[in-house]
Amino acid sequence: MASDESLPTLKILMIGPSGSGKSALLIRYCDNQFDNESSTATIGVDFKLKRLSVHGQPYRLNLLDTAGQERFRTLSTSYYRGAAGIILVYDISSRESFNSMERWFEECESNMMEGAKMYLVGGKLDKVQGAGGEAKRKVSEEEGRRLAERWGTVGFMECSAKTGEGVKAAFAECVEGIVKDGGLVAAGGRGRGTVSVAGAEEVDSGCAC
Amino acid sequence: MASEKGNKPKNNGDDLSTILSHEEQVELTLLIANITEVMRKQITDTFDADSTTKKDQEPKNPLQEKENNPNVDDAGEAEGTVEEKDARELREKRARDLSAPKMQDLKKATEEYFDKWREGIILRLGEVVNSPKKLEEQIEHASIEATPDSEKETQTKVITSNTNIEEADAALITLYPPTSTALYSLPRDKRILLLNAMLLLLLSLERYSSYSRILLLHISSSLHLPLHILAEQEVKVAQGLLEAAKQMSGKEETEKRSDENKNSRRWKVGLAGVAGAAVIGITGGLAAPLVAGAIGTIMGGIGLGATTAAGLLGALAESGVIVGALFGAYGGRMTGKMIDQYAKEVDDFAFLPLKGSKNHEPLPEDRRLRLTIGISGWITQTEDIITPWRALGRQSEVFALRWELEALTKLGTSMESVVKSAAWGVAKKEIISRTIFASLMTALWPIGLLKVSKVVDNPFSVTMNRADKAGLVLADALINKAQGERPVTLIGYSVGARLIYSCLMSLAERRAFGLVENVILMGAPCPSDDAPWRAMRSVVAGRLINVYSENDYILGFLYRTFNIQYGVAGLQEIEQVKGIENINVSDMVSGHLRLQYLVGSILEKIGFEDIDVSEVAREEETLALMEEEEKREENKKDGSNITPEEEAKEMEKDVKHKTDQTMMQKAAEKLRLS
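Residues numbered from 1 in each chain as written. Chains lettered and ligands numbered in written order. Predicted model: local features only at pLDDT ≥ 70, side-chain atom pairs only at ≥ 80, totals over all residues. Heavy atoms only, no water.

Q: Help me get a handle on the overall build of chain B, residues and values and all.
A: Along the backbone of chain B there are 29 helices and seven strands. Across the 674 residues that make up chain B, the buried fraction comes to 57%. Considering only contacts within chain B whose residues lie at least 6 apart along the sequence, 82% involve residues at least 24 apart. (Helix = DSSP H or I, 4+ residues; strand = E, 2+ residues; numbered from the N terminus. Buried < 20%, exposed > 50% of the residue type's maximum accessible area, 1.4 Å probe, protein only. Contact = heavy atoms within 4.5 Å.)

Listed below in structure tokens is the structure:
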């Protein structure tokens, strides 16, 4: 346990319109499960831990899965504090969800801490695969890529929580983008309580320089 | 998931997803979010030049209303009255003070702490409402092993005496205005259940922060539940936890087994950081049934299923160690042992439990989720350290702080003799005849009084000095969690209030937030200007109350050698800081010496949540007797004619004699004890 506690910690936030599949993506990534029937909307925010090594350096990921529903928006600003990375998720089979991304990016830019990185994910890739699937695609990969570039994200990936395709790669790429320039990595602490304290201080000094 | 919900065994009590529909869970989340927003606003208000206490209390004052209104342009009122100009100047001064880097730093630190706490709560709540699966698994698991009696308990939802109690306290609602929520329309039983669930959930963060306590008060008020329900549940949960912890430590091998269990993520996420949010993953059905039995037996009556209770409690339900930490088992105990640790700095410093015996730890049934420390300011006999605090009720663990007995005794006896002196009697008449008390501040004290002043001046400055030091020690004890992870309420009068002042300043300096719940300062010999009060406000999550009396001449007299230009909190309102309650007790407190006997009555007036009414009545009786006696003595003195010089000499002798007597008494007691 000690080794886990002392790992550098990254807080990563997942945002995006309601029903874009953020929770499914997270459950696939952390528990490698997918529930076909599940359609309950997230309330407030959900939270998961995951360990990930990038270039031989293990990190502890604090993954925050936020509610996409409008009524929880008042809550959302508080999540950005200390977040090193923000994963924005949209549904490639829904034009509406893609169109709203502009607004999500704006919210993200105005709330995120200096030095935090954004990453764009187009979810539900499985829907457009297989016979006649392409017809269900409402957002082309190119459009997604252009959006990501325009907002200066550290990457873009289309993936599927159902099949698992691209999920790991997306998270890994995002984390790599965060740690590349030493960004907002919070050092691990020893005891409880002190973890977050030490973390925040680290983040602050990171900002200053 | 929907199908799973249908399969759920019904006989296992309720978890959040069964007592609350999805929609209601959403409401709950939003309620918590809104309340924490309100709380945050209160914190920022403390550091806002536009918010003052005065505005709150006198909304009818047109001047203040203008300040209240953001649409009114201050600059447009250039030709306002003198009063307006003064107000503007004051406002500018506040703005200047507030922009000082030190204040800004404190504000930032306070907000940072609060945000972290809030994040912990919201994440924890999110985890509970968003993972019904985990709880379900746990329930299934538990249904196999849970002790039968716990099940029985959970089914009989006994909520005691809820028939003839008013729906909500007016006091609670004024102090913590309810946030509107649809949850209010739930049946009463369900609201109580919900409140209890929230208490457990907040405890699962492994500390009962003072902010958490305030959040619960807000929730109670929003759910229109009276305060005593929360208080009763706190008591029950404390008992339940300790009982459970006992069983936990008794079954070490079971714990060992669960350690070996590969599914146990307990040690992996263990006592993890992120404000306890990480703790949750673990509850997935593992040690829960064991503890659930214990907790369920005790807390079943509240109506929450045993396993649900355990699930909400997270790691707290699994580890006696964590429960121990909550009650301060490791942080240094709230008993005599602390002395040794701090002996070098302060001569005499100990926490005396009021309930139970002096010589051993408080019994488990006396343990509470909160604690209150009463700090006496001056004493005439050793018992005075404890007596004033008898008026405090049983909803929190009450301790009296014993500090600097000798200095306090000296101060007490010398103050008493000065007040009883003929010189003071003459001076008092003179003071009252002058209408402006303020002139006293500037050294226009009657000559006769100044002549006897040496009797009391020295003990006072010695005690003040010691109080400042002991305050640092108290701050240190709190930071080191002598109280465990529980919120503390501090109450002190006279120099005891000075001690608290010093303690709070030190806490603010050391950025120790979330430790102190309420603070009540009575007749405090400390500055009344805003900077220190802002700092104090930042470390007090609940109520910060300044009890003052405009008739406390002796305080003004004693304090004259200190920084009188900054005012004296015990004599006046604190006007410039928002969130400070000023209670005027001028009609009750005719002099500094009264304070000790009025603690209960004052607390009653304040609307303190937890007082022992019979003790208050007894206090009042004592006071009445004393007043009679004083009158008699005064009459006697009127006849005698001695010069102030002679009187001073006599008094000095008298003081020495009395102090010696008390100290001898104490020594004798010690001998007898050992």
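Picking up where we left off.
Q: Explain the packing of aromatic side chains residue by residue, including any values.
A: Residue and element names in this part refer to chain B. Within this structure, the stated rule accounts for 13 aromatic pairs over all chains. On the numbers, 5.7 Å between centres and 45° between planes, the contact of tryptophan 117 with tyrosine 211 is tilted. One end of the pair, tryptophan 117, is in helix α7 (residues 101-130); the other, tyrosine 211, is in helix α12 (residues 210-222), with 94 residues separating them in the sequence. Summarising the burial analysis for this pair, tryptophan 117 and tyrosine 211 share the class buried. Here phenylalanine 351 and phenylalanine 399 contribute two aromatic rings whose centre-to-centre distance is 6.5 Å and whose plane-to-plane angle is 80°, an arrangement assigned as edge-to-face. (Phe/Tyr/Trp six-rings, centres within 6.5 Å; stacked < 30°, edge-to-face > 60°.)

Q: How would you explain the confidence of the model for chain A if you had to name every residue and give the values?
A: Overall, the predicted model of chain A reaches an average pLDDT of 82, with 83% of residues at or above 70. Note on residues 188-209 of chain A: pLDDT under 50 across the span, and 33 contacts to partners over four residues away in sequence or across chains. (pLDDT = per-residue confidence, 0-100.)

Q: An account of the sheet that holds strand β7 (residues 580-584) of chain B is needed here, citing residue identities and associated values.
A: The strands making up a sheet are joined through hydrogen bonds of the backbone, oriented either antiparallel or parallel. Residue and element names in this part refer to chain B. As summarised here, the arrangement of the seven strands in space is β1-β3-β2-β4-β5-β6-β7, forming an open sheet in which the pairing is mixed. Of all the strands in the sheet, the pair left with one neighbour each is β1 (349-353) and β7. Recorded for the sheet is a direction-independent mean angle of 20° between the axes of neighbouring strands. Here strand β4 (residues 488-493) pairs with strand β5 (residues 516-522) via five bridges, running parallel. If you follow glycine 492 over to β5, its bridge partner there is leucine 521. (Pairing = 2+ DSSP bridges. Axes fitted to C-alpha atoms, helices over the stretch in contact; angles between N-to-C directions.)

Q: A description of unusual backbone geometry should follow, citing residues and the corresponding values.
A: Across residues other than glycine, the phi torsion is negative in most instances, and most of the peptide bonds are trans. One non-glycine residue, Lys124(A), lies in the positive phi region at around 65°. Within the fold, Lys124(A) resides in the loop between β5 (117-123) and α6 (141-150). Take Lys124(A): its relative accessible area is 23%, and that puts it in the partly exposed class. Despite not being glycine, Glu404(B) shows a phi value in the positive range, around 45°. Mapped onto the secondary structure, Glu404(B) falls in the loop between β3 (397-403) and α20 (405-420). Under the relative-accessibility criterion, Glu404(B) is labelled buried at 3%.

Q: Describe the pattern of salt bridges, listing the residues and the values that go with them.
A: Overall, the coordinates contain 38 salt bridges over all chains when judged by the stated rule. The residue Lys48(A) makes a salt bridge to Asp31(A) at a minimum N-O spacing of 3.7 Å. Of this pair, Lys48(A) sits in strand β2 (residues 45-54) while Asp31(A) sits in helix α2 (residues 22-31), placing them 17 residues apart in sequence. Judged by its relative accessible area of 13%, Lys48(A) is buried. Connected through salt bridges with shared partners, the residues Glu37(B), Arg40(B), Glu111(B), Asp115(B) and Arg118(B) form a single ionic network. (Salt bridge = Lys/Arg side-chain N within 4 Å of Asp/Glu carboxyl O.)

Q: Summarise the sheet that holds strand β3 (residues 57-66) of chain A; cite the residues concerned and give the values.
A: Taking strand neighbours across the sheet as the criterion, the six strands line up as β2-β3-β1-β4-β5-β6 (chain A) in an open arrangement whose pairing is mixed. Edge positions in the sheet fall to β2 and β6 (156-158) of chain A, since each of these pairs with one other strand and no more. Across the sheet, the axes of successive neighbouring strands diverge by a mean angle of 25°, strand direction being ignored. For strand β1 (residues 9-15) of chain A and β3(A), the ladder comprises six bridges, and the chain directions are parallel. Bridging across to β3(A), Ile12(A) finds its partner in Leu63(A). Sheet contacts for α6(A): β4 (85-91), β5 and β6 of chain A; angle to β6(A), the most-contacted strand, approximately 155°. Strands in contact with α7(B) are β1, β2 and β3 of chain A; relative to β2(A), the strand with the most contacts, it is inclined by about 100°.

Q: Explain the state of the cysteines to me, and be specific about the residues and the numbers.
A: Residues and elements named next belong to chain A. Scanning the entire structure with this criterion turns up zero disulfides over all chains. Considering cysteine sulfurs only, cysteine 174 is the nearest to cysteine 108, which forms no disulfide, with 11 Å between them. The buried category is assigned to cysteine 108, whose relative accessible area is 0%. Looking at cysteine 174, the relative accessible area reads 0%, which means it is buried. (Disulfide = S-S within 2.5 Å.)

Q: Tell me about α6(A), residues and numbers included.
A: Residue and element names in this part refer to chain A. For α6, every residue scored as buried is listed here: Gly144, Leu147 and Ala148. All buried residues of α6 fall inside an arc of 100° around its axis, so they share one side. Facing away from the buried side of α6 by more than 90 degrees, the exposed set consists of Glu149 and Arg150. In this fold, the buried residues of α6 make contact with β4, α4 (95-99), α5 (101-111), β5 and β6. Looking one or two residues beyond α6, the residue adopting positive phi is glycine 152, at roughly 65°. (Arc of directions from axis to C-beta.)

Q: Residues and numbers for the domain arrangement of chain B, please.
A: Residue and element names in this part refer to chain B. As assigned here, chain B comprises domain 1 (2-48 + 105-327) and domain 2 (336-617). Between domain 1 and domain 2, the residue contacts involve 33 residues of the former and 32 residues of the latter. Three residues, Thr46, Leu106 and Phe327, lead the burial of domain 1 against domain 2; their summed loss comes to 20% of the area buried on that side. Applying the counting rule to domain 1 against domain 2 returns four salt bridges. One salt bridge in this structure joins lysine 578 and aspartate 45, with 3.6 Å as the shortest N-O distance. Counting across the domain 1 and domain 2 interface gives eight residue pairs in polar contact (both at pLDDT 80 or more). At the level of elements, α3 (22-46), α7, α11 (188-203), α12, α13 (227-250) and α18 (320-326) are the ones that each hand at least two residues to the side of domain 1 that touches domain 2. When residues in the side of domain 1 that touches domain 2 are grouped by element, the largest group, eight residues, is from α13. Each residue belonging to the side of domain 1 that touches domain 2 can be placed in one class, and the counts come to 21 nonpolar, five polar and seven charged. (Domains from an automatic or database assignment. Buried area = accessible area lost by both parts, 1.4 Å probe. Polar contact = N/O pair within 3.5 Å; in protein donor to acceptor, adjacent residues only side chain to side chain. Nonpolar A, V, L, I, M, F, W, Y, C, P; charged D, E, K, R; others polar.)

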